[in-house]
Amino acid sequence: MSPPLDTEVPVLLLRLDRNPFHHGTLGAIRSLGRAGVEVHAVVESPHCPIGRSRYLRQGHHLPADGVRGTHRTGETVDAGGASDDRLERMLRQISDRIGRPAVLIPMDDMGAIAAARLAGRLAGRFLLPEQPPELPQQVADKARLAAMCGELGIPHPPTVSPRSAGEAAAAARELGLPLIAKWSRPWLLPQGGTLRSTTVVTTEDQARALYRRSGEAGSRLLLQRLVPGGRDTDWFLHGCFTGGAVRLAGGAGRKERSWPVGAGLTAIGRWLPNPEVERAARLLAEHLDYRGILDLDFRFDSATGAYQLLDFNPRPGAQFRLFTDRSGLDVVRALHLDLTGRTATPADPVPGRVFVAENYALLSSLAALPSEGLPLTSARRGRGSARRGEGSERGQGGEGDGRKEPRETETAWFAADDPAPFFAMAAAWLGQGGRKAAVRLGLRLLRRGRPAGREPAPEGPDGGSGRAAGAPAPLGAPRAPADLRTTEHPTA
């Protein structure tokens, strides 16, 4: 059993993407707050659902104009240069308010990239994993990830980076249509434009047209073979690693339901052992000497019989609380223990645990009713083969707070000891987007007979940037203002 957390060391949760409905941040606030840690977080406003948690000591607001700089042409900068200076000033101001050194946990890719780059300048104020400052950006770069997978022998969809519009069309013919187009550094995409981090391409002309917008996108265009989705094909791994590629907490899980259906974030997920997925994570951690929290996304490819790695996010995934072990240890608690010099005992897993994001589970279950007849609370057992990770379904009791064994089901929003965020979320979520969601759901039901394999592979960071062109935006995750780029992964 891991030792108690050092409650003299507070935590700051950093999220640069404006998403007041990010349940992963709420999960981190509750996990650390229940352990007695003083929790601070960057929030949109004191009235946002996340800011209502009883376990949040103080919310610190992003400047109205954000923290990112711009090129002279108006293109968005990679959270560097002038924006680094602005973010450093903001973090120093927050540090002064906290009054003592704190563990810094970025909750989105943009925050992880910027925090690593600023780690040296923030020494003495914030505790971060010891790793090269460029590492988070390297792993989040989809072109670098594809090359790394090739070096390590980790399955990854065939990917081409064309150097001309003609090469883009030729790659489309070679890879086969439809295919996936993505930008290697999605956090650079200009906010408010029409470019998406991930797009389903159905014609050669589309591939040519996308390539011609490379300058606008700010990074390389990648064309990738589409891995068809389906039941039990989408998997993820969340982990907290320390030196020697030792995983202190986390595990592999399967996405049972998503919203949008087939290509969205996890609405219902289940903790299931998966040796192939876990092996890939270990190889990456060893190769990179990765320290800290990561979130990996995989899709099972029936054509090759392999789990294809689709994404590497250098921060916690939104459903990380799924992987809470019998002592209450999860990835954010493990990181706090590691950075404060306490030994986190490797996790005692609880396979079969279920995670439910109530708002998205409602929509995805309603969308499935005509064809599957499954109730909202059903997190169906997988019907895949044993090699796809069948684990124990036995429930556990308790709250996962270090005193009792975790519950079988972990809800993203509702908690009996902290109900205010749930009610604030429900009121804001329904009031802000209920009608739009009903329209999207109706369209989804009308299209339920569309051919399989037409949805995009899960890509792009857990908020608005990873949706394919034309895919419905997740309800409660509004488009970020022009000063910020949403960079959370919709499969997390």
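Our structure's up above, just so we're on the same page.
Not measured: the values here are computed from a predicted model.

Trainee: Describe the packing of helix α1 (residues 23–34) against helix α10 (residues 331–339), naming the residues involved and giving the relevant values.
Mentor: One can describe the packing of α1 onto α10 by two numbers: an axis separation of 9 Å at closest approach and a directional angle of 55°. For the element pair α1 / α10, the angle class is oblique. Between α1 and α10 lies a crossing whose hand is right-handed. In this structure, α1 uses Ala28, Ser31, Leu32 and Arg34 to contact α10, whose residues at the interface are Val332, Arg333 and His336.

Trainee: Quick one: what's the story with the pairing of strand β2 (residues 39–43), residue by residue and with numbers?
Mentor: Taken across its five residues, β2 has five buried, putting it largely inside the fold. Summarising the sheet, strand β1 (residues 11–14) and β2 pair through three bridges and their orientation is parallel. Counterpart to leucine 12 in the pairing with β2 is histidine 40. Between β1 and its parallel partner β2, the chain crosses via α1, and the hand of that crossover is right-handed. Bridge count for β2 against strand β3 (residues 58–61) is four bridges, and the pairing is parallel. Looking at the pairing, valine 43 lines up with histidine 61 of β3.

Trainee: Residue-level account of α1, with values.
Mentor: For α1, which comprises 12 residues, the first-to-last C-alpha distance of 16 Å matches the rise-based estimate of 16 Å (1.5 Å per residue) to within 8%. Within α1, 12 of the 12 residues are buried, leaving the element largely enclosed by the surrounding structure. Three or more residues of α1 are buried, namely His23, Gly24, Thr25, Leu26, Gly27, Ala28, Ile29, Arg30, Ser31, Leu32, Gly33 and Arg34. Where α1 terminates, the next one or two residues include glycine 36, which has phi positive at roughly 90°.

Trainee: Explain the sheet that holds strand β5 (residues 126–127) residue by residue, including any values.
Mentor: Read across the sheet, five strands follow the order β3-β2-β1-β4-β5 without closing on themselves; strand pairing throughout is parallel. Sheet topology places β3 and β5 at the edges, where each strand pairs with a single neighbour. Strand contacts of α1: β1, β2 and β4 (102–106), with the helix running at about 175° to β1, the strand carrying the most contacts.

Parameters at a glance
Counting from 1, residues in each chain are numbered in the order their sequence is written. The predicted nature of this model means local features are confined to residues of pLDDT at least 70 and side-chain atom pairs, given and counted, to a pLDDT of 80 or more, with totals for whole chains, interfaces and linings taken over all residues. Computation of side-chain values: all heavy atoms of the structure, hydrogens and water removed. Axis geometry follows a simple rule: fit a line to the C-alpha atoms, using only the stretch in contact for helices, then measure angles between N-to-C directions, giving values from 0 to 180 degrees. Segments assigned H or I by DSSP are reported as helices when at least four residues long, segments assigned E as strands when at least two residues long, and all are numbered from the N terminus. Angle categories are assigned with fixed cut-offs, so that under 35 degrees is roughly parallel, over 145 is roughly antiparallel, 65 to 115 is roughly perpendicular, and the rest are oblique. In a left-handed crossing the near helix is turned counterclockwise from the far helix by less than a right angle, and in a right-handed crossing that turn is clockwise. Should any heavy atoms of two residues lie within 4.5 Å, those residues are counted as being in contact. Between buried and exposed lies partly exposed: a residue is buried under 20% and exposed over 50% of the maximum accessible area for its type, with that area taken using a 1.4 Å probe on protein chains only. Pairing between two strands requires that DSSP report at least two bridges joining them. Crossovers are marked right-handed if the path from the first strand over the helix to the second runs clockwise, as seen with the strands pointing away from the viewer. Helix span, expected: 1.5 Å multiplied by one less than the number of residues in the helix.

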